[in-house]
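Structural overview
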Amino acid sequence: MPTRDKLLDAAAAALAEDGVAAVSARSVAARAEVNQALVFYHFGTVDALLEAAVRRSVDLAVSSYRARFADVTSLGDLVALGRDLHRTEQERGNVAQMAQVMAGARRSPVLASAGRYAMDRWGAEVEAAVARVLPGTPLAGLVDPRGLAQVVAAGFIGLELYDGVDPAAAASALGAMEVIGALVSALEALPPVAARAVRSRARKAVSRPAATRGGAR
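Residues numbered from 1 in each chain as written. Predicted model: local features only at pLDDT ≥ 70, side-chain atom pairs only at ≥ 80, totals over all residues. Heavy atoms only, no water.

Examining the overall build of the protein
Just so we agree on the cut-off: Each helix is a run of DSSP H or I of at least 4 residues and each strand a run of E of at least 2, with the numbering of both proceeding from the N terminus. The buried label applies to any residue whose accessible area, calculated with a 1.4 Å probe on protein chains only, is under 20% of its type's maximum; exposed applies above 50%, and partly exposed to all values in between. Residues count as neighbours in contact if any of their non-hydrogen atoms are within 4.5 Å of one another.
Of regular secondary structure, the protein possesses ten helices and zero strands. For the protein, the sequential pattern of α-helices and β-strands runs α-α-α-α-α-α-α-α-α-α. Split into buried and exposed, the 217 residues of the protein put 41% on the buried side. Contacts in the protein between residues far apart in sequence, at least 24 positions, make up 66% of those at least 6 positions apart.

The structure is reproduced here in structure tokens:
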């Protein structure tokens, strides 16, 4: 295996298993079984190596799920896919890796860039699926596909972080998202007249001034 790939593999593993604070040129080089000077030769800095490792992990994961996203036919399908994706990425170590990226983003613009890259890549896949299935739901015309995709993507990123401190709560949150997906699927199955009525009521609720949505004070 080329040295550069060894370093990328070692950096991804070190980030997920040791945490961003423990990652150094020495620790990564030891995992890769190469001289630590090669970290700087290939990447310039440790943060740049970590960014490259995260980007590669994200690219590989997104590519492996592209066909699954293309098969999504409802918002319920999308939520179910999210649960499967979370479980698989957790097993691969990518959930722990992303949690460490987010933790290090405050101190490192490079890691912040890696985090944005991950959210943009996943967000693009979610947005394409949402834009495809939303027109057939009572939510059509009420929710901006890009905005909904960002909410979904941010929700799953948040669950990845949550999973690191309270796995049971993260699992409960995923279950709640599945219930929401099932409710949306039920709305999709409504007869046309009922669907129009739901859409009309929802449009009125959305158009109400924000100050009145919570009721009178």
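Still more to cover.
Concerning the pattern of salt bridges
Selection criterion: Every case where a carboxyl oxygen of Asp or Glu lies within 4 Å of a side-chain nitrogen of Lys or Arg is listed as a salt bridge.
Counting across every chain of the model gives eleven salt bridges. Residues Glu 51 and Arg 55 are paired through a salt bridge, measuring 3.2 Å at the closest nitrogen-oxygen approach. With a gap of four residues between them, Glu 51 and Arg 55 both fall in helix α4 (residues 46-70), about one helical turn apart. With a relative accessible area of 16%, Glu 51 lands in the buried category. Across the pair Glu 125 and Arg 66 runs a salt bridge whose closest N-O atoms are separated by 3.3 Å.

Considerations on the environment of Ala 61
One can find Ala 61 in helix α4. Exposure remark for Ala 61: the relative accessible area of 2% places this residue in the buried category.

Brief notes about unusual backbone geometry
Here the phi dihedral of Glu 33 falls at roughly 60°; this positive angle occurs in a residue that is not glycine. Tracing the backbone through its elements, the reader meets Glu 33 in the loop between α2 (25-32) and α3 (37-43).

Topic: the nonpolar core
Using the following cut-off: What is meant by a nonpolar core is a set of buried Ala, Val, Leu, Ile, Met, Phe, Trp, Tyr and Cys residues, joined one to another through side-chain atoms within 4.5 Å.
In terms of nonpolar packing, the biggest core is built from 47 residues, with Leu 7, Val 28, Leu 49, Leu 50, Val 58, Phe 69 and Trp 122 touching the most fellow members. Secondary-structure elements contributing two or more residues to this core are α1 (3-18), α2, α3, α4, α5 (75-92), α6 (94-104), α7 (109-133) and α8 (145-165). Ranked by the residues each element gives to this core, the list is headed by α4, at eleven residues. Those residues in contact with Trp 122 that lie beyond four places of it in its chain are Val 58, Ala 61, Val 62, Tyr 65, Phe 69 and Leu 85.

Scope: geometric values only; no functional claims are made or implied.
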